[in-house]
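Observations on the three-dimensional arrangement
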Amino acid sequence: MRFPSASLVALLCAFPLALPAQRAKTGAEVYATCTACHMPTGLGLAGAFPPLAGSEWVTGRVEVPIALVLHGMQGEVTVKGAKYNGVMTPWGAMFSDQEVANVVTYIRSQWGNKASAATAADVAKVRAATKARSTPFTAAEVKKLYP
Ligand code: HEC
């Protein structure tokens, strides 16, 4: 018996080549990773997950949300006057510069937020400047780095 047949093997090998070139996920697609905590509404969950809608951490200097998405966040933080003290794991290894830019642009322009877009070049800069980090940012650390 000839199994798997040569033509079947050839077909399976050729299959990935027939798929479209990998494209960057859109901001909305990347944001699907964030909704479990920050919710599709961007409102978070009182006492547990801070809101992105109307958050000064999202709409201030573009480097801040980029740094937080790349490396995560931990420790006490005040968002829209309410205190949180949790941990967000880093996302920098999971998404490309373009994808991080897309999700940061997304959260800066949804739910009434009106802040400037992030570019892949912005993300590359923050990645390079923070590449020595191995722990999530505290609020104080990210503010010191990008006042
Ligand atoms: C498992 C839950 C969880 C997921 C998933 C998650 N976060 Fe967070 N995020 C948190 C928590 C908790 C904090 C606050 C950490 C602290 O208390 O210091 C936070 C903080 C933030 C902040 C700064 C505070 C604020 O509310 O503005 C931003 C910006 C942010 N997250 C963006 C994102 C983005 C974008 C994604 C998806 C790529 C994401 N998060 C996914 C839990 C999560």
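Quick look at the structure, then. Everything numeric in this text was worked out from a predicted model, so none of it was measured. (Residues numbered from 1 in each chain as written. Predicted model: local features only at pLDDT ≥ 70, side-chain atom pairs only at ≥ 80, totals over all residues.)

A separate point is the environment of G44. Mapped onto the elements, G44 comes out in the loop between α3 (35–38) and α4 (56–59). The buried category is assigned to G44, around which 20 C-beta atoms lie within 10 Å. Once the C-alpha coordinates of G44 and C34 are considered, the two residues, 10 residues apart in sequence, prove to be 9.8 Å apart. Apart from the residues lying within four places of it in its own chain, the contact partners of G44 are C37, H38, M39, F49, P50 and P51. (Helix = DSSP H or I, 4+ residues; strand = E, 2+ residues; numbered from the N terminus. Buried ≥ 20, exposed ≤ 12 C-beta atoms within 10 Å, placed from the backbone. Contact = placed C-beta atoms within 7 Å.)

Take the site of the ligand next. Close to the ligand lie 29 residues; C34, C37, P50, S55 and G86 are nearest. Broken down by secondary-structure element, the contributors of at least two residues to the shell around the ligand are α3, α4, α5 (63–71), β1 (73–79), β2 (82–88) and α6 (97–109). Each residue belonging to the shell around the ligand can be placed in one class, and the counts come to 22 nonpolar, 7 polar and no charged. (Near = placed C-beta within 6 Å. Nonpolar A, V, L, I, M, F, W, Y, C, P; charged D, E, K, R; others polar.)

The phi dihedral of M39 falls on the positive side, at around 70 degrees, and the residue is not glycine. Relative to the elements of secondary structure, M39 occurs in the loop between α3 and α4. A positive phi angle, near 50 degrees, is found at K80, a position not held by glycine. Its place among the elements puts K80 in the loop between β1 and β2.

On to α5, then. With respect to burial, α5 is a largely interior element, 8 of its 9 residues being buried. Among the residues of α5, those classed as buried are V64, P65, I66, A67, L68, V69, L70 and H71. Elements that come into contact with the buried residues of α5 comprise α4, β1, α6, α7 (120–129) and α8 (139–145). In the stretch just after α5, G72 is the one whose phi turns positive, near 85 degrees.

Our focus in this paragraph is the pairing of β2. Relative to β2, β1 runs antiparallel, the two sharing 7 bridges. Pairing of Q74 across the sheet is with V87, part of β2. Connecting β1 to the next strand, β2, in antiparallel fashion are 2 residues, including K80 with a positive phi near 50 degrees. (Pairing = 2+ DSSP bridges.)

What follows deals with the nonpolar core. Of all hydrophobic cores here, the largest spans 26 residues; its most connected members are I66, A67, L68, V69, V100, V103 and V104. Breaking this core down by element, the ones donating at least two residues are α4, α5, β1, β2, α6 and α7. The residues touching A67, leaving out its near neighbours within four places in the chain, are V126, T130, F137, V142, L145 and Y146. (Core = buried A, V, L, I, M, F, W, Y, C linked by C-beta atoms within 7 Å.)

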